[in-house]
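# Coordinate inspection notes
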Amino acid sequence: MEALVSTNISREKSKDGSLILSNKVGFLLVFLLLYLSYNTGNQMRWDRRIMAIVTFVVVVLFFLYAVFFKRPRIHLKAIVSGMALTGVSLVGMVVYGDFAPDNFVFLMVLWCGIMVAHLLTFEQFTQSFIRIMIILCLYSLLCSYVLMPLVMNAGLSVFNTVINPNGNVPFVDFIFSFSLKYFGIQRNYGLFREPGVYQVFILAALAMELFMSRQKLRIFRLVVLLGTLITTFSTIGIVCGMLMITLYILPRLSKRPIKILIGILVGAVAVIIIVGGSEDLQDLLSRSMNKLLDPADISFR
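Residues numbered from 1 in each chain as written. Predicted model: local features only at pLDDT ≥ 70, side-chain atom pairs only at ≥ 80, totals over all residues. Heavy atoms only, no water.

## Re the confidence of the model for the protein chain
- Taken residue by residue, the protein chain gives an average pLDDT of 82. The fraction at 70 or more is 81%.
- Below a pLDDT of 50 lies the segment residues 1–11, which in the model reaches 22 contacts outside its immediate sequence neighbourhood of four places, other chains included. (pLDDT = per-residue confidence, 0-100. Contact = heavy atoms within 4.5 Å.)

See below:
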């Protein structure tokens, strides 16, 4: 019994010390969690509550597989905490007579988190999340700035159009990315319902890559994440991205000043060349930065 029940939340291995899920299966689980999140543009296809239920069922199936075949150590503190939060939430629903579906969605998200904590190590989760975001970033850049002009200007019609219920706005559905049906250069939505949400996930991947990964920093990943972050033209996202890079560089500046300064210079020149060659990009970036002077403007969150 002691081998199966643990109060140490950091353990995500089976009784024999092996990983609960292989890296490939873990990658699949994290991708499904991300893809089925109701922060994505998939809410234009499916009801977000249905997405939450499907996500919960998927995680339960992974968890049952682990229980029957891998015998994971049970994190007693996590289970007790989850039960306490569930109890408090249910009591609140009864007392206030509030049985809104979103309250149950919260409980499903809570237990999904607890089950995932039993299935993946922190390193597995972060590396899977970073890799998935790199793939999604590259794909969104391809869709937004290569395929989208072909759809709008060359009549490429192999992709469906979906309607965002918030504002009745049409989007082109690239399956793993969405683009506003608009002539000209636009903000990058990626898989998500708006650029302001996309930048949150990009920043999460950037933070993991810079500060949480045990592996050596990969410049390619950094360039892809930062480049995609800029294309969201999110004021908060760009400012936070610059702050993260600054916090990463400062402790290392004295050790490798020349290499770091060359990297900063090359990046700055690349941005100037790319933005300087397009009036649309200049306008988007200008409007994004003007948000700092006018916090009441919510158009570039």
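## Looking at the nonpolar core
- Judged by nonpolar contacts, the single largest core of 49 residues is most densely connected at L29, L34, L119, F129 and M133.
- Elements with a contribution of two residues or more to this core: α1 (23–35), α2 (48–69), α4 (101–119), α5 (122–153), α6 (195–212), α7 (219–231) and α8 (235–249).
- For this core, the leading source of residues is α6, giving 10 residues.
- When near neighbours in sequence (up to four residues on either side) are disregarded, F129 contacts V30, L34, F201, A204, A205 and M208.
- Core analysis: the second largest hydrophobic core is formed by 7 residues, M148, V151, V172 and F174 among them. (Core = buried A, V, L, I, M, F, W, Y, C linked by side-chain atoms within 4.5 Å. Buried < 20%, exposed > 50% of the residue type's maximum accessible area, 1.4 Å probe, protein only. Helix = DSSP H or I, 4+ residues; strand = E, 2+ residues; numbered from the N terminus.)

## Concerning the pattern of salt bridges
- A full pass over the atoms with the stated rule returns 5 salt bridges.
- In this structure, the salt-bridge partner of R45 is D173, at a minimum N-O distance of 2.6 Å. One end of the pair, R45, is in the loop between α1 and α2; the other, D173, is in strand β4 (residues 169–173), and 128 residues separate them in sequence.
- You can call R45 partly exposed: its relative accessible area is 24%.
- A residue is classified by how much of its surface remains accessible, and D173, at 9% relative accessible area, is buried.
- The shortest N-O distance in the salt bridge between D102 and R48 comes to 3.1 Å. Here D102 is found in helix α4, whereas its partner R48 is found in helix α2, with 54 residues between them in sequence. (Salt bridge = Lys/Arg side-chain N within 4 Å of Asp/Glu carboxyl O.)

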